[in-house]
Amino acid sequence: MSASSLTPADADADAPVVRELQPALAFPPELLLKAQGPALGLRAAIFDVDGVLTDGRIYLSAQGEEFKAFATLDGHGMKLLAQGGIVPIVITGRDSPAVRRRVADLGLPHAVYGAKNKLAAAQPLLDQLGLRWEQVAVIGDDWPDLPLMVRAGFACAPAQAHAEVKAAAHHVTAAAGGHGAAREFCDLLLMAAGQYARLLHGHLETLDGSGH
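Thresholds applied
Residues numbered from 1 in each chain as written. Predicted model: local features only at pLDDT ≥ 70, side-chain atom pairs only at ≥ 80, totals over all residues. Heavy atoms only, no water. Pairing = 2+ DSSP bridges. Helix = DSSP H or I, 4+ residues; strand = E, 2+ residues; numbered from the N terminus. Contact = heavy atoms within 4.5 Å. Axes fitted to C-alpha atoms, helices over the stretch in contact; angles between N-to-C directions. Buried < 20%, exposed > 50% of the residue type's maximum accessible area, 1.4 Å probe, protein only. Polar contact = N/O pair within 3.5 Å; in protein donor to acceptor, adjacent residues only side chain to side chain. Phe/Tyr/Trp six-rings, centres within 6.5 Å; stacked < 30°, edge-to-face > 60°. Lys, Arg positive; Asp, Glu negative; His and termini not counted. Salt bridge = Lys/Arg side-chain N within 4 Å of Asp/Glu carboxyl O.

*Asks:* Whenever I open this one, the sheet that holds strand 8 (residues 171-172) confuses me. Can you help?
*Replies:* What holds strands together in a sheet is hydrogen bonding between their backbones, with the strands either parallel or antiparallel. The sheet built from 6 strands is open, its strands ordered 5-4-1-6-7-8 with parallel pairing. On the outer flanks of this sheet lie strand 5 (111-112) and strand 8, each paired with one strand and no other. Here 2 bridges tie strand 7 (residues 154-157) to strand 8, and the two strands are oriented parallel to one another. By the bridge assignment, Cys156 is partnered in strand 8 with His171. In the packing of helix 8 (residues 181-192) onto the sheet, contacts are made with strand 1 (44-47), strand 6 (136-139), strand 7 and strand 8, and the angle to strand 6 comes to roughly 160°.

*Asks:* Even after reading the chapter, I still don't get the environment of Trp133, so can you show me in this structure?
*Replies:* By secondary structure assignment, the location of Trp133 is in the loop between helix 5 (118-129) and strand 6. Accessibility expressed as a relative area gives 12% for Trp133, which makes it buried. Along the sequence, Trp133 and Gln123 sit 10 residues apart, while their C-alpha atoms lie 8.9 Å from each other. Once residues lying within four places of it in the same chain are set aside, the contact partners of Trp133 are Ile46, Leu119, Ala122, Gln123, Leu126, Val138, Leu148, Arg151, Ala152 and Gly153. A distance of 2.9 Å separates a polar atom in the side chain of Trp133 from a polar atom in the side chain of Gln123.

*Asks:* Got a minute to help me understand the packing of aromatic side chains in this structure?
*Replies:* Each aromatic ring pair is summarised here by two numbers: the centre-to-centre distance and the angle between the ring planes. Evaluated as defined, the whole model comprises 1 aromatic pair. With a centroid separation of 5.4 Å and an interplanar angle of 80°, the aromatic rings of Phe47 and Phe185 are classed as edge-to-face. In this pair, Phe47 sits in strand 1 while Phe185 sits in helix 8, placing the two residues 138 residues apart along the sequence.

*Asks:* What should I look at first to understand the side chain of Glu184 in this one?
*Replies:* Here Glu184 lies in helix 8. Buried charge without a salt bridge: Glu184, with Arg183 as the nearest opposite-charge side chain at an N-O distance of 10 Å. Once residues lying within four places of it in the same chain are set aside, the contact partners of Glu184 are Phe27, His171, Thr173, Ala174 and Ala175.

Quick look at the structure:
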């Protein structure tokens, strides 16, 4: 039978069976309640870079050029977070072309580089976005992140974070920094906000690329 002679019924019979995607990921209900934040809801999420979006190691060439390794899982999660109505913000104590390239590739409009005082760097951004600290989630791994974490509506630390940072966090991820910790953070926030299933069932495409 030629393709042109197929009836609609024949075409339907040849179509692949598409299984409906159901979320396989789950978090404890009490953690989801914490990740919802206060009554105003969480509207933004601040990410450290070294030790959160990377494993914390810094690679230097003989010429002093700095290299970093990033996880595409994390990048995709940050883009999904934006689609779910939560603004991703990057605040890092170091500055390098590698980090700036990564942020640019993800199309993230809010980032501060070389921030010696992360609280002083974050406050103007929150003022610009019209947000209060209780509407913000933070993920960090070391002492410079603590001033943000103790003010945030929800604070998270990756598995390998310093002990003081873990103690200040509402949640410590199962994954380590640079190995999916930021994605776990994003997934948790999206699930708590009731956006995870919608995004999973939506149009699936590569988000972690060079396009903005």
